[in-house]
Every structure is written in C-alpha cells, then in structure tokens.
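One-letter residues, chain by chain:
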Amino acid sequence: MKQELLKALSTIKGEGDWVALRHVREKGHYFMARDARLDNTTMWNDAGVMVEVMINGQIGYAATPDLSTTSLHAAAKRAREQAFAASKRGVFTFDQSVRPPNKGSYRTPVEKPFADADLAKLTEVLIKGTEKLKSNSSIISTNAMAMNYDIDMVYVSSNGAEIEQSLSQICLESLATASKDGETQTRSNGFISKQMGLELLNENEFYTDCTRVGEEAYELLSAENCPSGTMDLLMAPNQLYLQIHESIGHPLELDRILGDERNYAGWSFINPEDFGTLQYGSKLLNVTFDPTLKSEMACYNFDDGGAKAEKEFLIKDGLLVRGLGALESQKRSDIPGVSNFRASHWNRPPTDRMANLNIEAGTSSLEEMISGVEKGVFMNTNRSWSIDDYRNKFQFGCEYAQMIENGKITKTLKNPNYRGVTTPFWNNLKMVGDKSTFEIWGSPYCGKAEPNQVIRVGHACPTCLFENIEIFGGQ
Amino acid sequence: MTTMKKHEENFYKFSDDLYSSLSEGEDLTLSLHLEDTFFARFNQAKVRQTTSVVEGELGLSFVRGKKKIEYNVGYTGDREVDLAAATVALKECQALAPNLMDDPFCPDTINNGTSSENHTATLPSHESSMEKVLTPASSYDLAGIYTSGWVVRANTNSKGQKHWFSTESCSMDYSLYTAKQRAVKGMYATTNWSDEEYQQNISGQLAQLELMDREKKIVPRGKYRVYLSPGAVSEIVGIINWQGLSYSCFKQGRSAFKKMSDENLKLSEKFSLSEDFSLGMTARFNNLGEQAPERLALIDQGVLENYLVSSKASKEYGVESNFANQQESMRSPNMSTGDLKREDILKEIGTGLYLSNLHYLNWSDIRHGRITGMTRFACFWVEDGEIISPIQDMRFDENMYHFFGDGLKRVTDFSEIAPNTSTYGHRSIGGMKTPGVIVDDFSFTL
C-alpha cells in the first residue's frame, strides 16, 4: 500500500503547500454468546484514505473510500478548496513543522493472530463461558464476548514522512446478572482491552474467571448496601483506570484547554499557567503518557501527524508538568505535550486524544494498604460514571465492594458509589500500590471531538488508597 | 435522472448481482449507509478544522437456516470494486456458517415491501458556508460545528424487499461565550438555509448570554424546584433510551422500567412518551427492513404500555414484535406536551432553578431508575419568578420515578425538536421532540 500511496502522492502533491495521504484498513470480529448459545457474530473489513492539504497555514481534510486516482484527485481538490476558504478565518496559521517527516514502522507483537483463529472453536469457548457464568439458578442472564481489531495504517507526506503501523487489539468480556426476591445485581470481568493477539484468551483461565464472576454476582444478592459517609477508599485498577481517564486524561488534553471542545465534550478546569505550578495530586502521584508499555491498548511508534511517540511524565510527584497535546496544540499553546494526534478511522481528522495514560507503581503492598485502613471501602469494576464539562465534579459507581474495618476486609458490599472534585481527590491519594498490584486496562470506547470520534485507549495503574472520600450506597 | 435516483438504482442492481451468488437455503439482507458530508469546526469564531467525507458502508446480514452472520464492508459506489469486496465477505460467511451453533431466535428473512423517500435541501456551498456561519457571530466567542450534506439509509433482501431513504440538511451546533467564559448553547438546523433565520437564532441566544455575566451563585446541595427546558429533557430521554425501554433488557434484568412491570408502578399522568415516526425525521424501516408502526405509545399518562420489541426478541420471549431496531432503542421519541405556557415558566418555578441544558448523564442505579448528571450552559437561580443569576455547575442524582412521577408538576404546552447531531462512525439522522417540565424536590448532590 505504501508504494501505491507514494505514487498517488506524486501526482497530487502540487495541490497544496504540503500534502499527505493516510490510508487505514480495519478488519475485526465481534462474537457474543448469551445464555449458552451464540447470540451475535459480526465481522468487518473497511478501508479508505484521508487526504490532507495545507494551504496558507490551514489544513483541509477530505476522506474517500475510493482509492482510484480520480477519486484521490477529487478529494485533494476538495481539501485544497476548504483549506483556502478557511485560511481567511483560521484559528491559527500552521507550518510544516507540525507534520514532521519521520520514517518508520510499528507492529503489535502477536503470538496468536486473530486472523488465524478457528472462529467456530472461539464461539464454542464463549458459549461454554456463559455456562460457567451461570453459577446457580439465580443467575438470569449471562454474556461472554470477544472482539478484535486489526488495523493497518500507512501515512506518507510531501515533506517525506513514510510510516507504516499495524495494530492488533482485542477485548474480552464476561458478565452475569443475578436476581432473587426483587434484588438484581450484575457482575462482570470489567471488559479487558489489550493490544495483543488471541493469546489473551487462555481457555481454562477464562472459564475459571467466568465462574468467579457468576459467583460474585450471586454473592452480591445477599450483600449489604454500601454505607454512606466520608472514609477511606481503596480502589482496584479495574476502577481506577476510568478515574484516571475522566479526571486526569480529559482535563489535560490541550485542545480542551484551548477551547476546541467547548461546544461538545467540554472545556477543562486547567489553565495554561497551571503547567509547572499546579499540585494536581499528592506527591505519590506520578502519571505518564507511555506508548511503549507492551500489551497496553494504545501502543504505537508514531501518531497520526507523523510525530515520534515516546514516554513522558505528565504529572511528576503530584506536580502538573506536561499536557496531552500534539504538535498543533503545542504550537498554539506553547505548552509541552506528547505525540497523541489520533484519528478514529480513515474518515476523521486527528485531534488530541488519550492513548496510554498510566499511574506509575508505588511501594505499598495490597496488605499494607488494607491494614492501614480503619474504616473504608475497597471498590472494584466500574458500572456508572459521570463528570462535568470542566472535569471537576465526578460521580462513579462500582459493581462490587468490600468493607475494610480496623485493617481487615470484613464483608461484601453492593451498590458502592463515590463522588468528589478532581484535584482535592488526587491530593487525597494516601498510598500507591507496588508492582504486584499493577494491572493493564483500557477501553475501546473513548468519545470526543466534532465530528465525533471513538478511540481506543489504555490505562495501567496499581491499586491506590485515598482518604476522606465521600462514599454512598444505593436505595 | 437525479444523482440520488442513480445511487438508488445502482444499489438495487448491485444487490441483485450479489444475491445471484447465494446458494440454496441461504438468505441475505443488505443495509446501506451512504453520506457526503462537510464539517467545519470552529473555536473563537474562527475555523479550527474542515473535513469533507464521502463514505459508504454496506452491512451484509447472512442467514442459512438458524445460522446468522453480520458482515460490514466499505461501499464506494464503484460497482466492480464493491461487488468484489462484498463477494469476499459473502464467501467468508458461507464458509463459517456451517461451523457455528444455531441461533434458535434468528429472525426469518421475509419481504417487508418497498418504499422510497428522498428529501432534498437548499444549502450553502461548503466554501461559502464558513462565511455565512461566522459573519453574524464574528464579534463573539463562538465554538461549534457546521455539518452539511446528504445521508442515505437503504435496505434490500434476497426475498425482494427494497427500502430507500435519503435526506439532505445542514446544522450549526454552537455555543457562545462571555469574557468570563460563561456559555449559552444554540442550534440551527434546516433544509433551507436562511441568513435571516440564522441571525435570529444567534440573537435569541445573545439575550441569555447577557444574563450569564451576572455574578454567579453557588447553590448548596439539596432539593430544589426546577424547570428543565426541552433541551434538558431531551438529555434525560436520551439516557432513558439507553437500555430503558428495550424488552430484551427488561427480560435480562437491566431495564430501568422493570419496576413498572414487576411492581405495577406508575409515573405521573402528565408523562407520556411515544415512538413517533410521524415527526418525519428518520426512516421507519429498521436494519431488517421491517416497517415500525407510525406511532407506538410507550408510556401513556404514566402507564407503561409497550416495550420496544425486535423480531429476534419476539422469537426469544414469545411476544409480538413492534419492529424495533436490533438495539431496541427509540428512533423517533416524542414526549407529549402539557398546558404550561412559555410566559408562565418563571412564575411557575417561583424560587428554584431554571436549567437549559444537562451534561454527561448516566444511570447511577439503573434498576431503581436513578440518573446522575451535571447542569451545563445557561442555568439560572430564580427567585419569586425572576431570574437572579447564573449558577455554578451542579451535580444531580435523582430517580426518574420521582421526576417523571409524583415530582412532575407541570409540562409546557410547547415542545422542541432536538436533531440527532451524533457523528460517531457515520452521520446520524433523526432526533426527538420534547417539552419542558417543572419538577419539585429535584436532588442536587455536589
């Protein structure tokens, strides 16, 4: 594909001061088993090209699924006309420095390619998974799902960029709903999302985990409601990753800080002068943008603007030092950023997006954290999330929790929730788990931007302990 | 022949070609999405990004006996290219299907008839649209997106069914900001662009924007009497649409309305909600080409009348299908109006909150119908029927059995259309129609 794009580029590069072509092909599978039968089998294979043309410091984008020379020329013409019209009222005048001429490649390390899988056998594993989820007669509904994305991207530009990247991403979910005597509870595995092949799905481990999920759904039926009050909150990585996403990731996006997202996803409580001065969290908080952590959902070597991706600290010892913004936003804001210019597919332009955003491991073992709690709740697995458009006031609910009293776990709790405000919350970070508690999570569903784009993100973190958190239960 | 008619005929010919590759006992349904859209994104009343998208997606729904496979491929409009891609997909389906377990609830492929609707519009050219959109707002801080172009939804199957729906429109989804960075939200959507109407639309928002510069009030947590504008109500109906009225979700224990069924609970007599295709914003046919009824009462005067039932759920649970889509979500919701006149809204609030918009709603406890979310944009503190000041954003956490139940005091005698401006994956069509409501004791928690 690279040679085809380079050939096409040679015929259209005169359309602007700078021209690029980004070709994306995405193939995928989605298999859902429900209640011991196959419920949904969906596959997809879609490709197209985004043509980018810079005129007078403005970049126009035109997408087409038709790879013929005629179609690419037409797209380049559209992009040029748009860029020219926009240049009379552009928000900023860019130059080619925001599109570095890098050359290179990336490929996800994969042991078992999805493309080679015995798909019928895979559906049988999922069906058997639902049988394991039905741990007893109170389980009224069971789901087991596997989904993958194989993405091939080629990016070439008139100033010399030539980048080829192939990503393999996979998601695995198991879920059981239990109901008895008017009480209904759902438990899941948290929706595992990784960048790897089908080696994620170890058959025996999957069945064991499905059994656990089913048993915990049943256990919740007779659990006490989560108590209400201000107390310690011990948060497992399967919930903490979404807390990072919503209350660190989104507010640090430079395009939000610059106001691009104000009409849709929202603004940010962060101001440009906060970089280098704001104590975002306690001194135990270290947050990194890390596109290099193997198996995390959003590993890559180059972003969709061609910039080289490297690990960077965003928050160091609690201090905000860097934003989540790519070269265009860095140029506009004069704030240090990262290589996170990402598009959801060939038919959307790149914007500042999260990729892999992590909390670095600390030094406390899980036992040390539990033993340090006089009264608190240990929460697992998100079930509800909401935050304001400045990313300040949040509320989260979890599937499963345990009471901690006098340094010991004493009982299971249902309907656990907590709410708070971003920087006070992170400044209440009391202990950070060590590497033994560190887990890699992620999500294929981060929504943002106009036109809208869903992008896949990774978040890795240890278990963490927070103090003085407002916790409450259900009805 | 118009360009759209050519697209339609080409799709039918393409479908027939593909159906000739089917073997005995196999059926195929094709769903087509096509669009030609221009997006211009704005910040500070200037252009941030412009994107034009020509795209197509073809969904193959392959059935052999009780085996069913969905396969989505790109659709370029080039018959040779598309047929090659679709044939590869079809062969993969044919190879995989015999090895899959049966889905006992796989819907039958039947001929659901023929329909064709084409709605055209008079819109500015892409290049001139940026000037038209920005000129009336150039002295203000504006952020937003202008979207323009046509969208097609079409469907055929191997039993002879043919449905086609195309629509052309534009929308300017925007917000305006004061120097203190306080905002109001606006939307101008049309099939016939008018500079004058657009100018009036902006002017309408400016009146509220002036109020936003007053000193902000920090309202403490607690219960307040509130007015939820049609825009705020549309956010609530939007979250209710997520698993709320799906019959499958009800049966699987995940519907917020389950308590209404199980415990025979009722909402307020003032609350009625229907699936209403007479609004004319979207096609009645679903992904199987089944034509939903023009109007289906879901909640009628507080009583749960119907869940949305797909043909698959119909087979699984032994109830009649009302030809809902696969997700069993509302495609054209319409909430009934009441008798509260616009000029009486502030008087009716008395002392409380006027909420124009809500943000980031989610079920905080779906089984008990509890929803959390934030206030956003133009929201005001009202005292003795007068707007006093804008408010600091507040988080609510409230039960729909309260705010659409005994807490629902009045419903406006007017409603407004909220067009579906979502562009995740593709450009959406449709929208919903909602009135404003007055609710007592609405809970704010942060």
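Residues numbered from 1 in each chain as written. Chains lettered and ligands numbered in written order. Predicted model: local features only at pLDDT ≥ 70, side-chain atom pairs only at ≥ 80, totals over all residues. Heavy atoms only, no water.

Caption draft 1: Expanded view of the sheet that holds strand E13 (residues 319-320) of chain A. Residues and elements named next belong to chain A. On the basis of which strands lie adjacent, the open sheet formed by four strands has the order E13-E12-E11-E16 and antiparallel pairing. Every other strand in the sheet has two partners, leaving E13 and strand E16 (357-359) as the edge strands with one partner each. When strand E11 (residues 287-289) meets strand E12 (residues 312-316), the two strands line up antiparallel, connected through three bridges. If you follow Phe289 over to E12, its bridge partner there is Glu312. Across the sheet, helix H5 (residues 237-249) touches E11, E12 and E16, and the angle it forms with E16 is around 115 degrees. (Pairing = 2+ DSSP bridges. Helix = DSSP H or I, 4+ residues; strand = E, 2+ residues; numbered from the N terminus. Contact = heavy atoms within 4.5 Å. Axes fitted to C-alpha atoms, helices over the stretch in contact; angles between N-to-C directions.)

Caption draft 2: Focus on the domain arrangement of chain B. All names here are of chain B. Assigned domains within chain B: domain 1 (3-212) and domain 2 (222-444). Distance from the C-alpha centre of domain 1 to the C-alpha centre of domain 2: 25 Å. With 45 residues of domain 1 in contact, the opposing surface of domain 2 contributes 31 residues. Between domain 1 and domain 2, roughly 2,900 Å² of surface is buried when both sides are summed, and carbon and sulfur atoms account for 62% of that area. Broken down residue by residue, the surface that domain 1 buries against domain 2 is led by Phe105, Arg153 and Phe165, which jointly contribute 19%. In this structure, the connection of domain 1 to domain 2 is made through 14 residue pairs in polar contact (both at pLDDT 80 or more). Put simply, the parts of the chain that give the side of domain 1 that touches domain 2 at least two residues each are strand E1 (26-43), strand E2 (46-64), strand E5 (141-157), strand E6 (162-177), strand E7 (183-190) and helix H4 (195-212). (Domains from an automatic or database assignment. Buried area = accessible area lost by both parts, 1.4 Å probe. Polar contact = N/O pair within 3.5 Å; in protein donor to acceptor, adjacent residues only side chain to side chain.)

Caption draft 3: Just the domain arrangement of chain A, in detail. Residues and elements named next belong to chain A. Domain annotation of chain A identifies domain 1 (2-222) and domain 2 (225-472). Taking the mean C-alpha position of each, domain 1 and domain 2 sit 22 Å from one another. At the junction of the two partners, domain 1 supplies 54 residues and domain 2 supplies 43 residues. Surface buried jointly by domain 1 and domain 2 totals about 4,000 Å² across both partners, of which 56% is contributed by carbon and sulfur atoms. The tally of links from domain 1 across to domain 2 stands at five salt bridges. Taking the shortest distance from any N to any O, the salt bridge between Asp95 and Lys331 comes out at 3.7 Å. With six residues, the top contributor of residues to the side of domain 1 that touches domain 2 is strand E2 (residues 37-55). (Salt bridge = Lys/Arg side-chain N within 4 Å of Asp/Glu carboxyl O.)

Caption draft 4: Structural context of the layout of surface pockets. Here the second largest pocket is characterised by a volume of approximately 500 Å³. Lining the second largest pocket are 23 residues, and of these A:Lys27, A:His29, A:Phe114, A:Ala115 and A:Asp150 sit closest to its centre. When contributions to the lining of the second largest pocket are tallied by element, the ones reaching two or more residues are strand E1 (18-34), E2, strand E5 (139-157) and strand E6 (162-180) of chain A together with helix H2 (79-96) of chain B. Residue composition of the lining of the second largest pocket, by class: twelve nonpolar, six polar and five charged. (1 Å grid on protein atoms, 1.4 Å probe; cavity = no way out; pocket = protein on both sides within 12 Å on 5 of 7 lines; lining within 4 Å. Points joined across faces, edges and corners; volume = space filled by probe spheres on them. Nonpolar A, V, L, I, M, F, W, Y, C, P; charged D, E, K, R; others polar.)

Caption draft 5: Summary view of empty space enclosed by the protein. Residue and element names in this part refer to chain A. Scanning all chains against the criterion turns up six cavities of 30 Å³ or more. Counted as a void, the largest cavity has a volume near 240 Å³. If you trace the largest cavity, you find 19 residues lining it, with Met153, Leu167, Asp304, Arg342 and Ala343 closest to the centre. Secondary structure elements with two or more residues in the lining of the largest cavity: E1, E5, E6 and strand E23 (453-461). Counting the residues that make up the lining of the largest cavity, at least three belong to each of domain 1 (2-222) and domain 2 (225-472).

Caption draft 6: Summary view of the pattern of salt bridges. All names here are of chain A. Scanning the entire structure with this criterion turns up 59 salt bridges over all chains. Glu328 is the salt-bridge partner of Arg99, the closest N and O atoms lying 2.9 Å from each other. In this pair, Arg99 sits in the loop between helix H2 (69-86) and strand E4 (103-107) while Glu328 sits in helix H7 (residues 327-333), placing the two residues 229 residues apart along the sequence. On the basis of relative accessibility, which here comes to 0%, the residue Arg99 falls in the buried class. For Arg391, the salt bridge goes to Glu246, with nearest N and O atoms at 2.4 Å. Remark: Glu246 occurs in helix H5 and Arg391 occurs in the loop between strand E17 (375-387) and strand E18 (393-405); sequence separation between them is 145 residues. Residue Arg391 shares its accessibility class with Glu246, and that shared class is buried. (Buried < 20%, exposed > 50% of the residue type's maximum accessible area, 1.4 Å probe, protein only.)

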